[in-house]
Every structure is written in C-alpha cells, then in structure tokens.
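Letter by letter, the chains look like this.
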Amino acid sequence: MSSQSLKTAVVIVGGGLMGTSAAFFLRRRGVPVVLLERGLVGQQASGVNFGNVRRQGRYLPQLPLAHRSRDIWGRLPELIGHDAEFIATGHVRVVYAESQMAAIEQYALDAKHWGLDLQIFGRSELRKRLPFFGPEVIGGSYSPNDGHANPRLAAPAFGRAAKREGAQVIENCEVLNVEKSAQDFRVSTAGGLTVTAPVALICSGAWGGAMSAAFDEPVPMVPKGPTMGVTEPLPYGIVPVVGVSTRIEHEGLYFRQVKRGNIVFGGGRRNPAYLDGRRANVNPNWTLAQLHELRRIAPALGKLNVLRTWSGVEGYMDDDIPIMGPSAKVGGLYYAFGFCGHGFQLGPGVGDVMAELIAAGATSTPIEPFHIHRFASVPAAATVAVNA
Amino acid sequence: MADPRMIVVGAGPAGVRAAQTLVEAGLRPIMIDEGRRDGGQIYRRQPEGFARSYPQLYGTEAQKAKDLHESFESLRPHIDYRPETLAWNLTAGQLHVVTGGERAAVLPYDSLIVCSGATDRLLPVEGWQYAGCYSLGAAQIALKSQACSIGKRVVFMGTGPLLYLVASQYVKAGAQVAAVLDTSPRSTRMKALPALAARPAVLWHGLKLVAMLRSAGVPLLSGISPIAVTGDDERGVNGVRVRDAQGHEHSFECDAVGLGYHLRSESQLADLAKCQFDFDRPSRQWLPRIDEDGRSSVPGIYLAGDGTRILGADGAEAAGRLAALAALKDAGRLHAAGEMPRLRERLTTMDKFRRGLLQAFPWPHQLASQLPDRAIVCRCEGVSAGDLRTTVRDLGAQEMNRAKALCRVGMGRCQGRYCGHAAAELVADAARVPIEEVGRLRGQGPVKPLPMSMPLAVGEHA
Amino acid sequence: MNVPRFVRLGEQGRAPIRVTIDGREAHALEGDTLMVALLSNTGQLRHSEFGPEARSGFCLMGACQDCWVRDEQGNRIRACTTVARDGMAIRTTREEASWPILA
C-alpha cells in the first residue's frame, strides 16, 4: 500500500463500542475524527459480550455514567437510526443465600441515593411474577428500566452512524505506533497510512494497556475470555434479564431471552484469552458447568438445546474498575478501555462523556474514580499484562 | 511403555478400516459414532427386525457392504465401541463426548482419527423450505433404512451421481418418480468422460442407471435451472418448476422433492482442532489440509474419508487404513508400512475420479446469484437471499462471519451446514469478490445441538 | 395437515405400536424412527419459528435439525434419530409461550 497521511482533530484507536460511540458524539459536537480499527468494527469484546444493559449491581460511583448511558440507549433510533435491538425488559438479580439477600437489600438502599430505584422480592412474590425459578432461589432484586441489546449490532451501528456524521472510520487498519511530538500525536499503521492529530483517544480494549504503557502509564490488566452460549429458539416468555448475585464465581450465571426466542447465557468461570491471537476459546467443561447452574436457576431450561458457544478477548483491571479519562502524563491523550466485562451498557455513555471531555475540556459526569492516575505509583514491573 | 491412546470418530467405511488397522497392530482404540449402528451413510444398516437382503439394500455394492459390516462385527470385541455418542467439542488431547444425550465424558487421546463423513450439499431454490422437500440423501435413507418413499410422487433435482442412484433405487422399489432434473448439461458430462474413466466400473454402472431410468419412462432433463419448488404453507410441496437448457419452462406435479448437489464434508471437529483449511477450487469449498497419508496440520490429528475429501466409500476404506497406518508409524508402532505406497496410489486414482465427478456434475454456483430476493437461503433462521444482499451492500459485510453476525445466516440449529456454501456464493457475488475471499463460517462448539440437561463430564483415563 | 407424507414400500410385517399425534391415536410399526411413525400418519412434524410454513424434516441423518418435535411435557426430541416407542405422545402444532413449558 502507498503511504498516505491524514490530519484531523482527534484520532481514535480502536473501533469497539467505546471508540465508535466516541467518534459519533465527537462528530455531533463538530469535531473532525479519524477512527482506526485493526479488524472490523465491534469484533472484540464489544461483539462477544452478553448484551446486558444494566445499571443494577454496578459499583455505585459508576451509576452517574450508567444513567447517562441508559438515557442514550433509549434514544438510539433517533440518534443513530438503529435500536441495536435494545429493549427495556427489566433486570432481576436472584440469590440463593440469606447473606446474599441481605447484600442485595443493602445495595437497593444505597443505590437509591445514586438515583437507581430497585424493588426487592421475597420467595413467593418473585415466583408470582416469574414462575420459572427453581427451588433454591430465595428472592431477588428487580430494576424495572434496565434491559438488554444485541452486542453484534451495536458497535457496527454506531460505526455507520459516525460515518454518516462525517467521521472517517478505517477498518482493517492495524496501528503500529502512537507517538507524541511537540503538538501532535502521530499514529502509524501497517498499511502505510499515518494519522496526525493534537488529540488521541485510546479505545483499544484489552490491548489498551500496551498503548498506555508506551506512554509510561502501565496498568495492571489481564485479558480473559467470557464463557458464552445460546440456545435454540422457544416461544418468547422470559422477559427480564436474569442474573444470579453470589460470591461464588461458578454460580454467577445470567441469561436473557431475545424476541426471536433464543436464550443467550453467560457467566461463571472465564477462559484464558490471547492478545496475540486475538482469540479465546471456551473450555467445554465450563459450558457443562454453566448448564448445571442454569438448571438450578430455572429447571425448565433443561428441556432446551445449546446451539453455539463462543468467547472473546476482554480486558480486566485488577481493581475491576475501567480506565477512563485524560492521561495523567501526556497532554491531549485520553483513554477509555479495560471495562472488565461490564462495559456494554456504559458504551454510549462513555462515548458521549469522552466527546464532551475532549470537545469542552470537562464533563458533567463524574469519572475521576476511573482515571488512570490511580495506578501512577504502581511500579512498571508489577503491571505487565499476563498472557495466561 | 503404555499403549498410545487412540480414538476413531465415525463407524463408517473409513472409521471401520482405521479401527481394524489399529486392532491388527495390537491396540484397543475407542470408536465413537453418533448412530445406533455401524456402517456410516452409504452402508447404513437397516434396523434389527427388517428383512431385506443385501442386494436389495445395496445393489451392486452388496458385497462391499457385507464385508464392511462383517469386519465390524469381528472388530467389536476388540475395541471400546460407543454408539449414540456425539463428539461435541475438543481441546488439545481431549475429546468431549456425550452418549445418549445424557452421559458426558472427556476422553484423553494421543492420536485422533476423524472419519466424520459427509452430508448432502445443498443450493437453495425458492420454496425448498416447504414440508416435503428433502435432501437426496434423505430420500435414500428413507428407503434404505425405513423402506419408505418420501412421498407419493417424487421429483429428484440437483446434480451428481447420487441423483441418478437414488432415483433408480426409488423406481426399483416401486415408488413413483415424476422426473430427474440435473443442472449439469449433457455436454459437460461428456467432456468429463476421460477423467471418469479412471474408475471404469463405477462409470459403467452410472451409465446403466441412466439407461434404466430412461427405459422406465422417467423424464430426464439436463442443464436445467431450478425456478421454484411450489407449495402450500400447511400441505407442503405440490410441484417443481425449472427452465431447460433452451430456456423453456417445465412444471412437474409432485408431493416430494429430493434435492442435492453432491456432498459436503463434515469438517467441524477438524476445525475445532484448529486444523489448517485450504480452499479447494474443483469443489469450491474449504477443506482441511492433509498430507498424502491423512495427517492434518495438527500433530496427532488424522483425517480420513468423506469428512475430508469426497472420495466415496472405496476411497474412505483406503483412507481410513492409511491414516491409521500413519498414526501407528508416528506413534512408534510401525505396522504394515509396506502397504502405504499402494494405498496412496489408490487414493490418487480416487482423487482423479473425484475431479472427474466435479467436472461432470459441477456445483452450479451461478444459480446462487440468480436466486430471487425472496428465496430463503438459511432454512433455520428464515434468512432470504435479499437479506444477505442487503447485509453486504448496506451493512458492509464482505465475509461470512460478519454476514452471520449481522443477518443471522448460519445461526440456526443446523449451524450453517445447509446454507453456508450458498450464502458464501451470494456474499461473494454481492460484494464482487472472489469466493475464497469471503472465507467460511468459523467453527464453534458444540458440533451439534447439545441438550441442556447434560450433566458434568466424567473424565476418563486410559 | 393430516395427510400422511411418507409411503411404506415394504417391511410391513413388523409388530404394531401406538403413538399419539396432537392428541389423536395413530399406528406405526416397531423399528420405525419417530419421524416415520409420525409422517406415515401425518404430513408435518412442526412449524417454522421464522416463517409461515409447516416443516417435515429434511436430511434424515441428524444433521439439519429440522425434525425436532416436542412431546406433551415440552421435551425436545429429534425425530429422525429417535426410535419410535409405544406410547409416545407428540405435538406438531405451533408451540405457545406458556409457563408450563418454562416452569
């Protein structure tokens, strides 16, 4: 390929949901954008996750961002011309243990102060509304306005909308290097294209850590692959998203029925993921363990067949909190990556907040807990990403 | 030193000869097979209690079928045979299986010989989703295994030797065959005669089948383009419409259609094992790479039979033995190595014939691009040709997995077995790229739908 | 549609068995697959989830997954690879969403 160069205001590295929504919202604010994606938009974590659009259960300081994002989910058709199959079905978290019941009750009290209203159901109330629960489920917490969407469609839809708004979205374009010289960032790519811009936004997911490390801001992040599966279709009858709240990793399953009838499920143990190969494989034993757990939650699921399993590469921070906000060391550099397998719901909000931050210099949504400077004192050796 | 742990997947001609070879060498392999009985597809056994003779069931191949079944019976006490067992996934050195849909196990292996066979290869035609439309293989299984015809009046359509074989089997069995409609023009078949002469007995037999159909008064058309299978949502198929080589339309009344274009290798296990695949130009499909002995690109994984290359039952028997000999050699258990060159030669002859068949009965890929927008391509999910074209043109999909993610082609229960090839042709045509550039649907477990009632697996140690 | 689809061409000297199809008793033969037991009495096995048409299976070898039927308890059974047994009770009508399925 010939060497070509582009000059723009903001160069975004990574075309997942964070990158494409940021590109879209930057264009809405009149900012020129070039987005570079190594493969196809939305292929990595953005495309393989469970599809939960939930605020319930989040780390409380994340709720303002989650609220802002939820508002955008509800307006997707008018904003990007596509609903990404988002439906506000409600989300219910169920528990097996009394101690966990106490935990979700406490969360409901706390979340109220952060603007999230939840309803607690005991054993019989839960079954009156949702009769399919198995005998071990003792109660749950319900969030009426949460829901779910289709992760395979969301980032591509934002990508197309960003393009329509005038962003240059370049796929099959691997970024080799991001350097800062004087005023501008200079991004060089495998095909010979160079992009220069005074602002760079790193949205490269599990690969973001290598890029922040190149700017002397390493972070403790490991790649992991979720264990996902989907069943054959059955008549639509389970409306809310269902999840288990538990301290035991292998019990933490969740599932959602889509309008077409298939049930998507995930949770429990994760798999090793490989940054080099950009792939993760499901351990078949984890799938069988999931089936066991799904039958505990809803015994009738045992009548169905699993059609497909999959995994992908997600980036997990040691403290389970993403990296979002300005660089602590380099002017004009911003980050939004490492969303620890819980970024899908936040995606539209992250894009809007980063666009606001970049365009206006500040954002009304508090994101300080996610700033990269929380790792500034961690020695570099301790933050090398481990390829398990 | 402990015996190498070897597993053979598939109890058809390739698998039986592979297992037989391993037993000869003093091993006791595990043999798993999805079916209730051995034999695979071509030599599918009728259920116990059925009375038809071998000549009635297998015609000219009766002796070969008998030999294979008897070989298996002698083999049985010396192998760990697990019928009704599906290999649903695998990881390095471990095969994940389920028996009877309810007993799960993890089987460790040092060598795996995959003889997973083939299914019919299908190209959609408008209306093929109606009740009463079956694959050619299905029509044959109904007869061979259950002594049934798929309908009162059957049209057979597609291309390949199976088209004529099944039609003639139906005529012999007393079923009503309304027409045999071949997309391959007669002139194309003529040009392939030299290549087909690589196996003169098989060629001769094929010509006799055609003559028999003609003398039975069955309309035979060549060089046709399917237009539609006509039908009714509740009652199913009621006819077939085609255009002949001169452009004239023909209609045939029927209540059943047997449809098929050759065979399609079942390569899911090879895919999950991360074997390298190459695009096979003669057949226009992706096939797992093998060396001359059946070694895949992954050490310890051997591939034989129609699951790797469609060479037919005779080729499968040779390939099964050769792959087993290779596995033994690689495991340091040299056995009958002197046979390997002869087996390789046999397979070379088979492959010549394979190419001849593909030349005579080509996969009519151009018909995919001629499908009207309303034709259903993915039967399981109801994805139409128009949906696929929209996904390419409006949503930017240029390869199969992207098309799948965006429009659901291949997301249904059959996991892309019956729509994948035609969908690739449509995507390539709409994207205006060569067929190999759109790739193939990425393999994912389970290999077939897995019951959610399955328990945790028992790990077995040899 | 109640019109039988498959036509028996032989092997009819087998013991009879009874199955129930959509609540109606029907006759089949020992050694039939469930698919043959059903389609020798009726024309359909189920309905497409994503189209208007009835379905009657496709490959007969356990590959296409078009012949999954359900019994009266909502269990899913692949008709072409399952041997028909006396007393099986199958529904071929469109499945409704109802809690008994899911509970």
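Residues numbered from 1 in each chain as written. Chains lettered and ligands numbered in written order. Predicted model: local features only at pLDDT ≥ 70, side-chain atom pairs only at ≥ 80, totals over all residues.

Focus on the overall build of chain A
The secondary structure content of chain A amounts to 10 helices and 24 strands. The C-alpha radius of gyration computed for chain A amounts to 21 Å, which stays within 12% of the reference 21 Å derived for 388 residues, consistent with globular compactness. Reported as C-alpha extents along the three principal axes, the dimensions of chain A are approximately 65 × 45 × 40 Å. Out of the 388 residues in chain A, the part that is buried amounts to 55%. Long-range pairs, those at least 24 residues apart, make up 74% of the contacts in chain A with a sequence separation of at least 6. (Helix = DSSP H or I, 4+ residues; strand = E, 2+ residues; numbered from the N terminus. Rg over C-alpha atoms; globule rule 2.2 N^0.38 Å. Buried ≥ 20, exposed ≤ 12 C-beta atoms within 10 Å, placed from the backbone. Contact = placed C-beta atoms within 7 Å.)

So, the pairing of strand β7 (residues 111-114) of chain B
Residue and element names in this part refer to chain B. Burial of β7 is two-sided: the residues S111 and I113 facing one way and the residues L112 and V114 facing the other way are all buried. In the sheet, strand β1 (residues 6-9) pairs with β7 via four bridges, with the strands oriented parallel. For M6, the partnering residue across the bridge sits in β7 and is S111. As judged from the three bridges shared by β7 and strand β21 (residues 301-303), these two strands associate in the parallel manner. (Pairing = 2+ DSSP bridges.)

Re the interface of chain C and chain A
The partner chain A presents 12 residues to the 11 residues of chain C that form the contact. Residues that form the side of chain C that touches chain A fall into these classes: five nonpolar, two polar and four charged. (Nonpolar A, V, L, I, M, F, W, Y, C, P; charged D, E, K, R; others polar.)

Observations concerning the nonpolar core
Formed by 301 residues in total, the largest nonpolar core has its most connected members in L201 of chain A together with I113, V377, L388, A423 and V427 of chain B. Of the residues forming this core, the biggest block, 11 residues, is contributed by helix α10 (residues 312-330) of chain B. Ignoring anything within four residues of it in the chain, the contact list for V427 of chain B reads L388, V392, A397, M400, A403 and V438 of chain B. (Core = buried A, V, L, I, M, F, W, Y, C linked by C-beta atoms within 7 Å.)

A word on the interface of chain B and chain C
Between chain B and chain C, the contact holds 41 residues from the first and 33 residues from the second. Broken down by secondary-structure element, the contributors of at least two residues to the side of chain B that touches chain C are β8 (118-120), β9 (133-135), α4 (136-146) and β10 (148-149) of chain B. When residues of the side of chain B that touches chain C are assigned to their parent elements, the largest contribution, five residues, is made by α4 of chain B. Of the residues contributing to the side of chain B that touches chain C, the split by class is 17 nonpolar, 13 polar and 11 charged.

Considerations on the sheet that holds strand β16 (residues 249-253) of chain B
Residue and element names in this part refer to chain B. Spatially, the three strands line up as an open sheet ordered β14-β15-β16, and their pairing is antiparallel. Looking at the sheet topology across the chains shown, the edges are occupied by β14 (225-232) and β16. Along the sheet, successive strands turn relative to each other by an average axial angle of 20 degrees, direction set aside. Both strand β15 (residues 236-243) and β16 contribute to a ladder of five bridges, which runs antiparallel. Looking at the pairing, R241 lines up with S251 of β16. (Axes fitted to C-alpha atoms, helices over the stretch in contact; angles between N-to-C directions.)

Points about the environment of T89 of chain A
Residues and elements named next belong to chain A. Checked against the element boundaries, T89 lands in the loop between α4 (76-80) and β5 (91-95). Look at T89 and you get partly exposed, because 19 C-beta atoms sit within 10 Å. Separated by 54 residues in the primary sequence, T89 and S143 have C-alpha atoms spaced 9.2 Å apart. Among all residues touching T89, those that are not within four sequence positions of it are G147, H148, V239, P240 and V241.

Side note on the packing of helix α3 (residues 63-74) of chain A against helix α10 (residues 347-360) of chain A
All names here are of chain A. Contact geometry of α3 with α10 gives a least axis separation of 7 Å together with a crossing angle of 105 degrees. In terms of orientation, α3 and α10 fall into the roughly perpendicular class. The segment α3 lies against α10, with L65, A66, R68, S69, I72 and W73 engaging G347, P348, G349, D352 and V353. (Parallel < 35°, antiparallel > 145°, perpendicular 65-115°, else oblique.)

Remarks on the domain arrangement of chain B
It is common to report an interface's size as the accessible area lost on association of the parts. Residue and element names in this part refer to chain B. Domains assigned within chain B are domain 1 (6-119 + 264-357), domain 2 (122-261) and domain 3 (366-438). A separation of 25 Å is found between the C-alpha centroids of domain 2 and domain 3. In this assembly, eight residues from domain 2 lie in contact with 11 residues from domain 3. Residue composition of the side of domain 2 that touches domain 3, grouped by class: four nonpolar, three polar and one charged. (Domains from an automatic or database assignment.)

Describing the sheet that holds strand β19 (residues 271-274) of chain A
Residue and element names in this part refer to chain A. Taken in spatial order, the four strands of this open sheet run β20-β19-β14-β22, and their pairing is antiparallel. Both edges of this open sheet fall to β20 (279-280) and β22 (314-317), since each of them pairs with a single strand only. Across two bridges, the pairing between strand β14 (residues 221-225) and β19 is antiparallel. Residue G225 lies in a different strand from β19, and its bridge partner there is N271.

Overview of the pairing of strand β5 (residues 94-99) of chain B
Residue and element names in this part refer to chain B. Pairing geometry for strand β4 (residues 85-91) and β5, over six bridges, is antiparallel. Opposite A87, over in β5, you have V97 as the bridge partner. Counted along the chain from β4 to the antiparallel partner β5, the turn is two residues long, and its residue G93 has a positive phi close to 75 degrees. Of the strand pairs in this sheet, β5 and strand β6 (residues 103-108) are connected by six bridges, and their pairing is antiparallel. Directly across from V97, in β6, lies its bridge partner A105. A loop of three residues connects β5 with β6, the two strands running antiparallel in sequence, and G100 in this loop sits at a positive phi of about 60 degrees.

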